[in-house]
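An overview of the molecular structure
The chain contents come next:
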Amino acid sequence: MRVVVTLAAIGSVLSLAACSPPVPDSAAGVGLDGDPFAAPPAVGTTITGDPLVPPSRISSENLPLTNDPLPQAPRSAGSSSTASSYGTARTSEDIAAETQAALRAAGANSGQTPVEASPSNPAPALIGNPGISDENNFDAVAARQTIESDAQRLANQRSQYQQVAPTALPSQTSSRDPNIVQYALSTSHPVGTKIHSRAGINLRSRSARNCAGFQSSEQAQIAFLAAGGPQRDRQALDPDGDGYACGWDPSPYRLAVRSNS
């Protein structure tokens, strides 16, 4: 039973090998007689065999350089040109003629002659630009204005002037709040100089707590004067008795008056 199985397996392998296509020889045809390791042929040896591209597939049509025929410039009697597979050989005269023709064609495309950029060129004329003023152009202004017309124009403008008489300034409305500027100018002693007596317990702590309720020292000074200051200080805003609440300083107001005087 074991021999039968082995023979059947061998038969299946041989049948698969017979069905598989042959592997091509990559070195076939290389060298002489198909030997890739053969020595190169000697000089003068004729090698026979089929060409890689059959002659029937090679076109004999010559390909021109461009679709249009090349311009033929006149040549001297002693000059000669060699024909190539792409047509007549081009010389320097041909290239010069083609360049001139290309320049003429480029200049005719826009209908205008190209302008060479140069600092000596005149300024271009303004055409259809009503929004651009020419008041700085003396020639343009002189062409439409004279000394007499300019004087008449100024006289017309002066006749339209309107003189407005000054009026009195409106009076400042009175305020019920004390004027800290006037109070600053009415005093002359520096900050920290005791002028008024203060009595009470924990004046410093009360002053720090009450002064924290104001957004600025100016507001604290106004409230201090409105409550009877500087003689009285019920909220302990001026614990040292100098007449200035919560560190308010009258020096900037005094300095401003001295600077303007």
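Given the structure is predicted, the values throughout are model-derived calculations rather than measurements.

Here the focus is the packing of aromatic side chains. Under the definition given, this model contains 3 aromatic pairs. Seen from their ring centres, Tyr183 and Trp248 are 6.3 Å apart, and the 35° between their planes marks the pair as tilted. Pair noted here: Tyr183 is in helix α5 (residues 180–186) and Trp248 is in the loop between α7 (217–226) and α8 (251–260), with a separation of 65 residues, a long-range link. Under the relative-accessibility criterion, Tyr183 is labelled buried at 13%. Ring geometry for Tyr244 and Trp248: centres 5.8 Å apart, planes at 65°, overall edge-to-face. Across the pair, exposure class does not vary: Tyr244 and Trp248 are buried alike.

Right, let's talk about the pattern of salt bridges for a bit. Proximity of charged atoms lets side chains of opposite charge pair with each other. In this structure the tally under the stated criterion is 3 salt bridges. With a shortest N-O distance of 2.3 Å, Asp150 and Arg153 are connected by a salt bridge. Residue Asp150 and its partner Arg153 are located together in helix α4 (residues 147–159), separated by 3 residues, close to a single helical turn. The salt bridge involving Arg198 is made with Asp238; its shortest N-O contact spans 3.0 Å. Of this pair, Arg198 sits in the loop between α5 and α6 (203–211) while Asp238 is found in the loop between α7 and α8, placing the two residues 40 residues apart along the sequence. Judged on exposure class, the residue Arg198 and its partner Asp238 are both buried.

Further remarks concern the state of the cysteines. A full pass over the atoms with the stated rule returns 1 disulfide. Through a disulfide, Cys211 is tied to Cys246; the S-S separation comes to 1.9 Å. What sets the handedness of the Cys211 and Cys246 disulfide is the S-S torsion sign, and at about -85° it is left-handed. Here Cys246 lies in the loop between α7 and α8 and Cys211 lies in helix α6, a separation of 35 residues in the sequence. According to the relative accessible area criterion, Cys211 is buried, its value standing at 18%.

Regarding α6, the residues found buried are Leu203, Ser207 and Cys211. One side of α6 holds all its buried residues, which, seen down the axis, span an arc of 55°. More than 90 degrees from the buried face of α6, the exposed residues found are Ala208 and Arg209.

Our focus in this paragraph is the nonpolar core. In this structure, Ile180, Tyr183, Ala184, Cys211, Phe224, Leu225, Leu237, Tyr244, Ala245 and Trp248 together form the largest nonpolar core, which totals 10 residues. Breaking this core down by element, the ones donating at least two residues are α5 and α7. For this core, the element with the highest residue contribution is α5, accounting for 3 residues. Other than its neighbours up to four places away in sequence, Ile180 contacts Glu218, Gln221, Ile222, Leu225, Trp248 and Tyr253.

A few words on empty space enclosed by the protein. One pass over the full model with this rule turns up 1 cavity of 30 Å³ or more. In this structure, the largest cavity encloses a volume near 40 Å³. The wall of the largest cavity is formed by Ala223, Phe224, Ala227, Arg232, Asp233, Arg234, Gln235 and Leu237. Residue composition of the lining of the largest cavity, grouped by class: 4 nonpolar, 1 polar and 3 charged.

Conventions and cut-offs
- Residues numbered from 1 in each chain as written.
- Predicted model: local features only at pLDDT ≥ 70, side-chain atom pairs only at ≥ 80, totals over all residues.
- Heavy atoms only, no water.
- Phe/Tyr/Trp six-rings, centres within 6.5 Å; stacked < 30°, edge-to-face > 60°.
- Helix = DSSP H or I, 4+ residues; strand = E, 2+ residues; numbered from the N terminus.
- Buried < 20%, exposed > 50% of the residue type's maximum accessible area, 1.4 Å probe, protein only.
- Salt bridge = Lys/Arg side-chain N within 4 Å of Asp/Glu carboxyl O.
- Disulfide = S-S within 2.5 Å.
- Arc of directions from axis to C-beta.
- Core = buried A, V, L, I, M, F, W, Y, C linked by side-chain atoms within 4.5 Å.
- Contact = heavy atoms within 4.5 Å.
- 1 Å grid on protein atoms, 1.4 Å probe; cavity = no way out; pocket = protein on both sides within 12 Å on 5 of 7 lines; lining within 4 Å.
- Points joined across faces, edges and corners; volume = space filled by probe spheres on them.
- Nonpolar A, V, L, I, M, F, W, Y, C, P; charged D, E, K, R; others polar.

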